[in-house]
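Understanding the architecture of this molecule
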Amino acid sequence: MAGNFTDFGDLVLIIGDFHVPQRAIDLPPCFKELLHTDKIRHVLCTGNVGCESMLEFLRGIAGSVHIVKGDMDEGMDFPEYKILQFGVSLHLASPTRIAVYAKLEEASSGNSVCVRAFASVLNAGEFKVALLHGHQVVPWGDADALLQWQRRLDCDILVSGHTHSNSVREVEGRFFINPGSATGAYQPWAPTPTPSFMLMALQGASVVLYIYEERDGKAEVVMSEFSKPPKK
């Protein structure tokens, strides 16, 4: 099932933590082949792009590309996080982006800080999605810490990275997606991660998630499905 996107409909690519060339040479060839398609409408990148060539690669995949700043994205002018509203009723020809400044409470001190962010409205599904790199989530990848960020950003789906390990979780009717590292770049606690990315298909209040991993030079895929809980 790994090679053809023709039956998926419009797709959202969720990808990040490339670290090219600092910690990895390039994407696996099987991933590059898969991503050479016109079916992807939006790109959500969790950051740590690494270089201009990777940035241009992402921009060549779709016209709607959203990237947040990773802890290693020095010199890159990305926001700390993004909030994206996916809504089929809006009928927008292209994404509408509004610059916003949000005050968040620092977990350690309780002080308010001003963080540059963007709110965007996209034409697909019925979900409010928040996108951030994940190094801000302390402890990294912790379920309770992620839930605190979800509440702060008031989203249905929180997309984050940094751990270099892909995961999909549901907590209290909210969904937490981590695409892992697209290149399998090492982390001190994970020296040989499995390269991975995700494709998300949104249809109304339902999501189908395709999780791709590179193993022995081939892309393997598993599917996960979930739905937005009905309003009470």
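Residues numbered from 1 in each chain as written. Predicted model: local features only at pLDDT ≥ 70, side-chain atom pairs only at ≥ 80, totals over all residues. Heavy atoms only, no water.

The name recorded for the protein chain in an unreviewed UniProt entry is Vacuolar protein sorting-associated protein 29, from Eimeria praecox. Quoted straight from UniProt, the Sequence similarities (unreviewed entry) entry for the protein chain says "Belongs to the VPS29 family." (UniProt positions renumbered as here; feature names shortened; annotations may be inferred.)

Attention now moves to helix H3 (residues 143-153). The complete set of buried residues in H3 reads Ala145, Leu146, Leu147, Trp149, Gln150 and Leu153. The N-cap of H3, judged by a side-chain oxygen 3.1 Å from the amide nitrogen of aspartate 144 a few residues on, is aspartate 142. Phi for aspartate 154, located one or two positions after H3, is positive at around 50°. (Buried < 20%, exposed > 50% of the residue type's maximum accessible area, 1.4 Å probe, protein only. Helix = DSSP H or I, 4+ residues; strand = E, 2+ residues; numbered from the N terminus. Polar contact = N/O pair within 3.5 Å; in protein donor to acceptor, adjacent residues only side chain to side chain.)

The strand order across the open sheet formed by six strands is E3-E2-E1-E11-E12-E13, and the pairing between neighbours is mixed. Since the sheet does not close on itself, it has two edges, and those belong to strand E3 (64-67) and strand E13 (218-227), each with one partner. Neighbour-to-neighbour, the strand axes of the sheet open up by a mean angle of 20°, direction not taken into account. Of the strand pairs in this sheet, strand E1 (residues 11-15) and strand E11 (residues 196-203) are connected by three bridges, and their pairing is antiparallel. What sits directly across from leucine 13, in E11, is leucine 199. Packing against the sheet, helix H2 (residues 52-59) makes contact with E1, strand E2 (40-45) and E3, and its axis sits at approximately 140° to E3. (Pairing = 2+ DSSP bridges. Axes fitted to C-alpha atoms, helices over the stretch in contact; angles between N-to-C directions. Contact = heavy atoms within 4.5 Å.)

The next thing to look at is the packing of aromatic side chains. In this structure the tally under the stated criterion is four aromatic pairs. For the pair phenylalanine 31 and phenylalanine 197, a centre-to-centre distance of 4.8 Å together with 90° between the ring planes defines the contact as edge-to-face. Highlighted residues: phenylalanine 31 in helix H1 (residues 29-34) and phenylalanine 197 in strand E11, separated in sequence by 166 residues. Owing to a relative accessible area of 0%, phenylalanine 31 belongs among the buried residues under this scheme. We classify phenylalanine 197 as buried; its relative accessible area is 0%. Between phenylalanine 197 and tyrosine 212 the ring centres are 5.0 Å apart and the planes differ by 5°, which places this aromatic pair in the stacked class. Within this pair, whereas phenylalanine 197 is found in strand E11, its partner tyrosine 212 is found in strand E12 (residues 206-215), the two being separated by 15 residues in sequence. As far as burial versus exposure is concerned, phenylalanine 197 and tyrosine 212 are alike and both buried. What links up through ring pairs into an aromatic cluster is the set Phe31, Phe197 and Tyr212. Over the ring of tyrosine 186 we find arginine 23, and its NZ or CZ is 5.1 Å from the ring centre. The ring of tryptophan 149 carries arginine 152 above its face, with NZ or CZ at 5.2 Å from the centroid. (Phe/Tyr/Trp six-rings, centres within 6.5 Å; stacked < 30°, edge-to-face > 60°. Lys NZ or Arg CZ within 6 Å of the ring centre and 35° of its normal.)

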